[in-house]
Amino acid sequence: MDDVQPQPPARRTVIRAGAAAAAALTVCPYAASTATAATAAPPGAPARPAAAPGRAAALPLRSDRTTQGDILAGSRKDHACLLLLHFRDAARARTWLGRLVPELSTTEEMARFNAAFSAARLKAGGADPAGLSAQWTGLSLTHAGLRLLAGREPFPALPAGSTAEAFAQGPAVRAEQLGDTGDSAPGSWLFGAEGPEHAVHAVLGLSADDPAKLAAAVARHTKALGPAGGEVVFRQDAGKLPGALKGHEHFGFSDGISQPGVRGFHAPDPADGTTVKGKPGTRLVPPGEFLVGQEKVGRRPAGLPAWATGGSFQVVRRLAQDVPGWWAQARERLAGLKKSGAAPPEATATWVAARLVGRWPGGTPIAGCPLAEQPAPLGTDPDAALKYADDPDGWHTPLFAHIRKGNPRDGLVLVPGRPPLAAADLDGRRIIRRGIPFGPAYDFDRPAGEQEAPRGLVFVGYQADLVQQFEFLTKRWINDVDFPPARNPRVGADPVLGPESPVTFETESATGSRATTLGFGRFVRTEGALYAFTPSLPTLRALAQGKLDRSLEVHRGTVLRAGDVLDAGSVRLTLKADGDLVLLDQAGSLLWSAGTEGTGNEAVFSADGELTVRGASGTNLWSSGTAGHPGARMLVRPAGDVVVLDGDRALWHAGGGHVG
């Protein structure tokens, strides 16, 4: 009976994990036949680069010169600096912006350079090519910054629970629900909790291969702030760690491996069309999950103003890492795991740490290589064979492991004993991460008292929906001790990024398994956070003139289903539960109706510029009659109407008292 709530699985017989782990070693895709458990990889083992994705003939997003490059292409520089800026005068800030826009790095520029750099690096056996160098510039604006430059509220409305509301409030207001409490509370932040007189308006991101070029760029941009009436609220320097730790974060683990593929940017594997060419473990996600205006999962409406098209919401977080504390905890918990039989006798602190992360320090997933690091050969994908569907209880990759909490792939079981969700069902939860370390690497051979310098990770993430992506991942997956749900005992929070909590190791036996629960503390602390938006270049040029189009844009290919509401403040376009597409004023009075009450099922704005209401069978019940205009735009305008435009010419219009 489907309506009966299943009981959590009972605790089972405890066993030693060594035999099960040894059996799993045979499927390690990179293991040599002589591999043994005697050589556990130390913290900071060198990472092996993954192959650059292939390039297909039709990848339109790679040649985009209107979007900023860090969103899809990524700067990938050894040295970086974020300047968090405040402006005292809107007019002078607009002048500054107009002069900056030509310097901003585009997707096309970054993608072209990165492809050449990756090919040269692969040819050189993993060494950085000395003859290729670049310096990139990016700009994001906070809600306060958009409001300053536009001279008005950037959103026509802030619906409760929307990403517009989250963006306007910012992470300091939402800190408690994001787990930023105690030592991570906004009261101790270095940025992101300032008063209005010093509010961050802009995030200027600078990065380069050459530290001297970066220093020159930082000095030049800092000098330009004087005439603009601007000041640096906070300067965050960052850079990849040296030597064997290059490409790793401060705990010693290779970082940034599992990025989503983006349809239209990454070449598809011709064998299936759903994964990235050369990276069979990486799904292709609709680009609208990262870039506003592109197709989203399920072709859902973005519900955002026209100024957001071509841009992405940016999350910036400064995360301090207590490196010796984290590794001391791994050593302390090792004894308890050995005592319960959850760890083999030869296991080390690195064995424990790899379970917390889900990977060995060099990046190899523990799912296929449970006993020792087996780095992927140069040019191959370490996640090529990474799947969780056959590991519902976390016997090989613990359910609490950092990489599994943040991306359950094909192994998310919502009801124990039932099949996992399809990996495609989670495409709308992915984010693009552009993290880079700050501070010196921790040296375990030196006294701790000599290494008090701040260190950690500058987390930068891109997504089209703050609420359904970053905030959902943080609240519902990473910080939630009951995710995956209905386990007995509960799984626990992510032991890398989450709050202090017990976590549950489950170990396998012939008749089942038993859980070993151990407490894990918090060794990553939030020291600052911002929500910003990385606009397209056309939007930035308009802002430099004090213009901002607040009309809600219905992008081509969007599907509205019953209950969807596009709120432009003075008017709302919605498909009612009875199937009628209507335009309502603030009081709920009818301004326009498609007349499809009782028959409509969905409303579609097609690629050729036509708005239609379809029945359940797909039959068109009503049409705007605007087919044949592939460049048309559909806007719900705060002025009180909805319109389909071809350039400046209205092809169809409703509202302003018009009904029918």
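Our subject is the structure listed above.
### Looking at the sheet that holds strand β18 (residues 571-575)
Within a sheet, neighbouring strands are paired by backbone hydrogen bonds and run either parallel or antiparallel to one another. An order of β17-β18-β19-β20 is seen for the 4 strands of this open sheet, with the pairing classed as antiparallel. The open sheet has two edge strands with one neighbour each: β17 (565-567) and β20 (590-593). Within the sheet, the average angular offset between the axes of one strand and its neighbour, ignoring direction, is 15 degrees. As paired strands, β17 and β18 are joined by 3 bridges and run antiparallel to one another. Paired with V565 across the bridge in β18 is T574.

### Remarks on the packing of aromatic side chains
Under the counting rule described, the total for this entry stands at 22 aromatic pairs. Aromatic pair F313 and F533: ring centres 4.8 Å apart, planes at 75 degrees, arrangement edge-to-face. Here F313, found in strand β8 (residues 312-321), pairs with F533, found in strand β14 (residues 524-534); they are 220 residues apart in sequence, far enough to count as distant. In this structure, F313 and F533 share a single accessibility class: buried. The interplanar angle of 70 degrees and the centroid separation of 5.0 Å between the aromatic rings of Y442 and F444 together place this pair among those described as edge-to-face. With a relative accessible area of 12%, Y442 lands in the buried category. The partly exposed category is assigned to F444, whose relative accessible area is 43%. Against the face of F117 rests K77, its NZ or CZ located 5.6 Å from the ring centre. Here the guanidinium or amino end of R429 rests over the ring plane of F472, the centre of that ring lying 3.6 Å away.

### Overview of the environment of G239
Tracing the sequence through the fold places G239 in strand β4 (residues 230-239). Exposure remark for G239: the relative accessible area of 15% places this residue in the buried category. Considering only alpha carbons, one finds G239 and P440, 201 residues apart in sequence, at a separation of 9.3 Å. Not counting chain neighbours up to four residues away, the residues in contact with G239 comprise D78, H79, I436 and P437.

### Description of the pairing of strand β3 (residues 202-208)
A regular strand places its side chains on the two faces of the sheet in alternate fashion. By the criterion of burial, β3 is predominantly enclosed, with 7 of the 7 residues buried. Of the two faces of β3, the one carrying A202, L204, L206 and A208 and the one carrying V203, G205 and S207 are both buried. Bridge count for strand β1 (residues 79-87) against β3 is 7 bridges, and the pairing is antiparallel. Along β3, the bridge assignment pairs C81 with L206. Across 7 bridges, strand β2 (residues 135-141) lies against β3 in antiparallel orientation. When the bridges of β3 are listed, W136 appears paired with S207.

### Considerations on the environment of V357
The residue V357 is located in helix α9 (residues 349-357) in this model. Residue classification places V357 among the buried positions, given a relative accessible area of 9%. In sequence terms V357 and K405 are 48 residues apart; their C-alpha atoms lie 9.6 Å from each other. Setting aside residues up to four positions removed in sequence, V357 forms contacts with F253, W326, A401, H402, I403 and V496.

### Remarks on the side chain of Q321
Tracing the backbone shows Q321 in strand β8. Residue Q321 is classed as buried on the basis of its relative accessible area, which comes to 10%. Beyond its immediate stretch of four places on either side in the chain, Q321 contacts E249, H250, F251, R455, G456, L457, F523 and V524.

### Points about the pattern of salt bridges
Tallied over the full model, the rule gives 29 salt bridges. Between R88 and E231 there is a salt bridge, with the nearest N and O atoms lying 4.0 Å from each other. Residue R88 is located in the loop between β1 and α3 (90-100), and its partner E231 is located in strand β4; the two are separated by 143 residues in the primary sequence. Exposure remark for R88: the relative accessible area of 54% places this residue in the exposed category. Across the pair R112 and E108 runs a salt bridge whose closest N-O atoms are separated by 2.8 Å. Placement of the pair is R112 and E108 together in helix α4 (residues 107-123), with a separation of 4 residues, close to one helical turn. A residue is classified by how much of its surface remains accessible, and R112, at 48% relative accessible area, is partly exposed. Each member of the salt-bridge network shares a partner with another, and the members are D78, R121, D128, K240 and K246.

Calculation criteria
Residues numbered from 1 in each chain as written. Predicted model: local features only at pLDDT ≥ 70, side-chain atom pairs only at ≥ 80, totals over all residues. Heavy atoms only, no water. Pairing = 2+ DSSP bridges. Helix = DSSP H or I, 4+ residues; strand = E, 2+ residues; numbered from the N terminus. Axes fitted to C-alpha atoms, helices over the stretch in contact; angles between N-to-C directions. Phe/Tyr/Trp six-rings, centres within 6.5 Å; stacked < 30°, edge-to-face > 60°. Buried < 20%, exposed > 50% of the residue type's maximum accessible area, 1.4 Å probe, protein only. Lys NZ or Arg CZ within 6 Å of the ring centre and 35° of its normal. Contact = heavy atoms within 4.5 Å. Salt bridge = Lys/Arg side-chain N within 4 Å of Asp/Glu carboxyl O.

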